[in-house]
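Chain residues, written in single-letter form:
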Amino acid sequence: MPPHGFPAPSPPRGLADFAPPARRAVVRAGTIGLDAGHPALATDVLLLALAETRPFGLTSFTATREQIGARVDTGPDARELLATLGIDLDEVRRRTRAGADDPDRWRLTRSPLRPLRMTLHGPLGSIPLTMHARKVVEVARWRPGPVTGESLLWGLLADGANGAARILRSAGVDVCALVRELGMSVRRAA
């Protein structure tokens, strides 16, 4: 133990302990957050990325990307405005972002001076995780083995204050069935 009495910080693990599908989901969340101009990566964007990439085989996760996307702020859609100018935004992104979504080019760091701060860095920029998104990653890492899509969803649902369950319910997901399929205990409100 270091002289100040606190345990030494664990070495940075980045995204190395994430299974490839979960790594792609986190990278997609970072891309969505950066594209939307968000100051930080929040849990709703992480949930949207999970709905889009589907890094799990859960039958109870019935929400589509469109259903979750309708409930998540992803910023203004510039497609229509640019189309009036004859610019295809999807084509511009394909040409300028070659390889930007490669999970090997992204890393997740923890600040040595501010240990509660996690930041996702990649070719498109850097975005810090909100407190709730950081909790998702930490809870997902508590489970044995590599971080999977299921463990990320477990982390989202473990914290009732982050709004993920509310978004899923409003998208028609039976959250109790999803929780049971994940192997979590279902608590009923009194």
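Shown above is the structure to which this text applies.
Conventions and cut-offs
- Residues numbered from 1 in each chain as written.
- Predicted model: local features only at pLDDT ≥ 70, side-chain atom pairs only at ≥ 80, totals over all residues.
- Heavy atoms only, no water.
- Helix = DSSP H or I, 4+ residues; strand = E, 2+ residues; numbered from the N terminus.
- Expected span 1.5 Å × (residues − 1).
- Buried < 20%, exposed > 50% of the residue type's maximum accessible area, 1.4 Å probe, protein only.
- Contact = heavy atoms within 4.5 Å.
- Axes fitted to C-alpha atoms, helices over the stretch in contact; angles between N-to-C directions.
- Parallel < 35°, antiparallel > 145°, perpendicular 65-115°, else oblique.
- Left-handed = near helix turned anticlockwise from the far one by under 90°.
- Nonpolar A, V, L, I, M, F, W, Y, C, P; charged D, E, K, R; others polar.
- 1 Å grid on protein atoms, 1.4 Å probe; cavity = no way out; pocket = protein on both sides within 12 Å on 5 of 7 lines; lining within 4 Å.
- Points joined across faces, edges and corners; volume = space filled by probe spheres on them.

Chemist: Which residues make up helix 1 (residues 20–36), and what values go with them?
Modeler: With 17 residues, helix 1 should reach 24 Å at 1.5 Å per residue; the first-to-last C-alpha distance of 24 Å fits that figure. Among all positions of helix 1, only A22, R23, A25, V26, V27, A29, G30, T31, I32, G33 and A36 are buried. For helix 1, the secondary structure elements touched by its buried residues are helix 2 (43–53), strand 2 (118–122), strand 3 (125–128) and helix 7 (149–158). Of the residues flanking the end of helix 1, it is G37, one or two places downstream, whose phi is positive at about 75°.

Chemist: Which residues make up the packing of helix 6 (residues 131–142) against helix 7, and what are the values?
Modeler: Closest axis-to-axis distance for the helix 6/helix 7 pair is 8 Å, and the angle between their directions is 125°. Here helix 7 runs oblique to helix 6, going by the angle between their axes. Crossing hand, helix 6 versus helix 7: right-handed. From helix 6, V136, V139 and A140 reach across to helix 7, where they touch S151, L152, W154, G155, L156 and A158. Residues belonging to the contact of helix 6 with helix 7 are distributed by class as follows: 7 nonpolar, 2 polar and no charged.

Chemist: Explain empty space enclosed by the protein to me, and be specific about the residues and the numbers.
Modeler: Per the counting criterion, the structure on display carries 1 cavity of 30 Å³ or more. When its volume is computed, the largest cavity comes out at roughly 70 Å³. Taken together, V26, A29, L41, L46, L108, L120, L129, A133, V137 and L152 make up the full set of residues lining the largest cavity. Of the residues belonging to the lining of the largest cavity, the class tally is 10 nonpolar, no polar and no charged.

Geometry only, nothing functional implied.
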